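Now for the letters of each chain:
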Amino acid sequence: MNIAVLVSGGGTNLQALIDYEKAHADCPYHICVVIADTKKAFALERARQAGIAVRVVSPVAVLGAERAAAASKEEKRVAVSDAALAAAQAAGADAIVLAGWLTVLAGDIISAYGGRIVNLHPALLPKFGGVGMWGHFVHEAVLAAHETESGCTVHLVDAGCDTGKILVQKKVPVLAGDTPETLYARIAPHEHEAMIEGVCLLAQLLA
C-alpha cells in the first residue's frame, strides 16, 4: 500500500513510520510522498533525509502570496486540500495518513480517498475531538475535565472533524499533578505505536 503522509510540524510520527518501514522487509506500506501545509515543517527534512519525495501545499505555495492574503479560511482549506489530493494522486498513493496535519481537509479529497484516510488524535475519541481540539488544547481540556485516563486514537477520516471509525486506541493514566506537557510526554510513545498499528490495519482492510 503506497501512502502519502501529510504533516505540519516536527514529524516524529512520520519518523516512526519511516523507521518501521526500513526495519521490516514485510512492512505492508510504503511512503511514496510527504506533503506539508507549511514549508517550515521539520518533517520535510526527515523525509528528505530518508530519500522520500516532498511537496509543500501551503496557501502561499498553492494560491500565491496575493491571493492567499485575500482568501477566506475556507478558501485556503479547499485550495490546500485540493493541492494535497493532486500531490497524493500524482505520487500514486493508495491511502493518506495524517501525521500531525493541522489543516482540516475539505472538498474532493474526502470522497476521492473515502475510507482510505487515517488520522492520529491525541485523546480518546469521541471525547475531546472536534474543531480547535489539537495539541496542547486537547491535553488542557482533559485535565480541566478531571479525567482519570487519556491516550491517543487512530481513526478513519470522514467529512466531520474527528468523527470517523476508530481503528486503534492506546490508553495512559492521568496522574495527580499532571500538566499538559507531562501528560503529552506519557502519551507520545504510544502515538508512534498507534500510528504504525493503524496504518498496518488499514493496509489489511484495503488488501
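For clarity, every value in this text was computed on a predicted model and none was experimentally measured. (Residues numbered from 1 in each chain as written. Predicted model: local features only at pLDDT ≥ 70, side-chain atom pairs only at ≥ 80, totals over all residues. Heavy atoms only, no water.)

What to know about the overall build of the protein chain
The helix and strand tally for the protein chain stands at 8 helices and 7 strands. In terms of C-alpha radius of gyration, the protein chain reaches 17 Å, essentially the compact-globule figure of 17 Å for 207 residues. C-alpha atoms of the protein chain, sized along the principal axes, occupy 50 × 45 × 30 Å. When each of the 207 residues of the protein chain is scored for burial, the buried share is 47%. Within the protein chain, contacts between residues separated by at least 24 positions form 63% of all contacts whose residues are at least 6 apart in sequence. (Helix = DSSP H or I, 4+ residues; strand = E, 2+ residues; numbered from the N terminus. Rg over C-alpha atoms; globule rule 2.2 N^0.38 Å. Buried < 20%, exposed > 50% of the residue type's maximum accessible area, 1.4 Å probe, protein only. Contact = heavy atoms within 4.5 Å.)

Re the side chain of Ser81
Tracing the sequence through the fold places Ser81 in helix 5 (residues 73–90). At 3.0 Å, the side chain of Ser81 and the backbone nitrogen of Ala106 are in polar contact. Leave out the neighbours within four places in its chain, and Ser81 touches Val104, Leu105, Ala106 and Ile109. (Polar contact = N/O pair within 3.5 Å; in protein donor to acceptor, adjacent residues only side chain to side chain.)

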